[in-house]
Structure formats: structure tokens, C-alpha cells
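Chains, contacts and geometry: an overview
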There are 2 protein chains.
Amino acid sequence: MKEYKVKVEVKLKPVVLDPQGKTVLTALHNLGFEGVDDARIGKLIELKITDDDAGKVRARVEDMCMKLLANPVIEDFVVNVEE
Amino acid sequence: MKEYKVKVEVKLKPVVLDPQGKTVLTALHNLGFEGVDDARIGKLIELKITDDDAGKVRARVEDMCMKLLANPVIEDFVVNVEE
């Protein structure tokens, strides 16, 4: 059994409006940061998981994303498993 | 002038308690996911920035993090610039 570090990136699908990102974009412009064309905000979830195989860890984390960590209707997720 | 894609990872510093992560950890256990030892939640900010040099983009985004995107007292950030 090893401990794996897993990073999950959860982002809104490109077709979904992101009001939080829009607010950040406006705030950056108001602070004088020019040339910023787009801002989108997602979640970064870091997990520590004890298991015996990286493939199993990935499959389980994808299951966690479908059930809890992401809303698959409006969000995409990317799972990165590090040993 | 090129358009750069920038990914900013904003995470709570390791010494800072993460109640949201604790809640997710408990929820994962309640859903039957065993072997999950820790969960921490951060932000993933994706920016599109038009500039003429990747180094300048990085410096400006670090400035944005200090001023708006992160709270440097309790959060760490990592800036990744992609062309």
C-alpha cells in the first residue's frame, strides 16, 4: 500500500457562463492590468489516498468526481495521480 | 504580441485549517470511499493574457496574485504560463 497524491482540476465547461470569472476580469481591469482577455475560476482539489495501484486510484477518484467533487452537467474534471 | 494561457493554482498554506476540505473528506468517507487520508480545496484560475514576453506575463500575474487573486497571508500560489 502506498500513499498517492492526487490533484483534481474541476473547471466549468467552456459553454457555461462564469460570473465569478467575469467579476475577477473586471476587477483586474479596474486595478490597471491591461491585456487580460479572459478569466475563469475553477477548483483545485488535492487528495491523499492510500491504495496499492495508481490505476485503481485514478478510477476511484473519477468515481468521486462523478458523485461528489464535480457537477458533470456543467463541469469538466481532470485527474492527475502522483506517487 | 501573443496570447498566453496562464494557470494559477491558489492553495491554503499547509499550516492553515481547511474546513471545506474537511467536509469533503467526511462526505467521501460517508459515501464509502475508504483510504482517503486528506482533502484540501484550492482555486484554479485560468487567464488569457496578451503580451509580448512570457517573463513579463509571469511577473504581472504574480503581481495580480499579490493584489487580488490570492490572500498571501494564508494562501500560496503557483503560476504556470503556457504559450
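Here the structure is shown first, and the text comes after it.
So, how was this worked out
Residues numbered from 1 in each chain as written. Chains lettered and ligands numbered in written order. Predicted model: local features only at pLDDT ≥ 70, side-chain atom pairs only at ≥ 80, totals over all residues. Heavy atoms only, no water. Least-squares fit on C-alpha atoms with pLDDT ≥ 70 in both. Contact = heavy atoms within 4.5 Å. Pairing = 2+ DSSP bridges. Helix = DSSP H or I, 4+ residues; strand = E, 2+ residues; numbered from the N terminus. Axes fitted to C-alpha atoms, helices over the stretch in contact; angles between N-to-C directions.

**A word on the relation of the copies chain A and chain B**
What relates the two chain copies is a rotation about an axis together with a slide along it. For the pair chain A and chain B, the superposition axis carries a translation of 0.0 Å, the fit reaches an RMSD of 0.0 Å, and the rotation angle comes to 180 degrees. The operation mapping one copy onto its partner corresponds to a two-fold rotation axis. Nearest to the rotation axis, the C-alpha of Lys43(A) is located 2.3 Å from it, this being the minimum over chain A. By residue overlap, the copies meet face to face through one surface: 100% of the interface positions of chain A are interface positions in chain B.

**Digging into the sheet that holds strand β3 (residues 75-82) of chain A**
Strand order in the open sheet made by the six strands is β3(A)-β1(A)-β2(A)-β2(B)-β1(B)-β3(B), with antiparallel pairing throughout. Because the sheet does not close on itself, it has two edges, and the strands there are β3 of chain A together with β3 (75-82) of chain B. Neighbouring strand axes in the sheet, compared pairwise and without regard to direction, differ in orientation by 25 degrees on average. For strand β1 (residues 2-12) of chain B and strand β2 (residues 36-51) of chain B, the ladder comprises nine bridges, and the chain directions are antiparallel. Of the residues in β2(B), the one forming a bridge with Glu9(B) is Leu44(B). Packed on one face of the sheet, helix α2 (residues 54-69) of chain A meets β1 (2-12), β2 (36-51) and β3 of chain A together with β2 of chain B and runs near 125 degrees to β2(A). In the packing of helix α1 (residues 19-30) of chain B onto the sheet, the strands contacted are β2 of chain A together with β2 of chain B, and the crossing angle to β2(B) comes to about 125 degrees.

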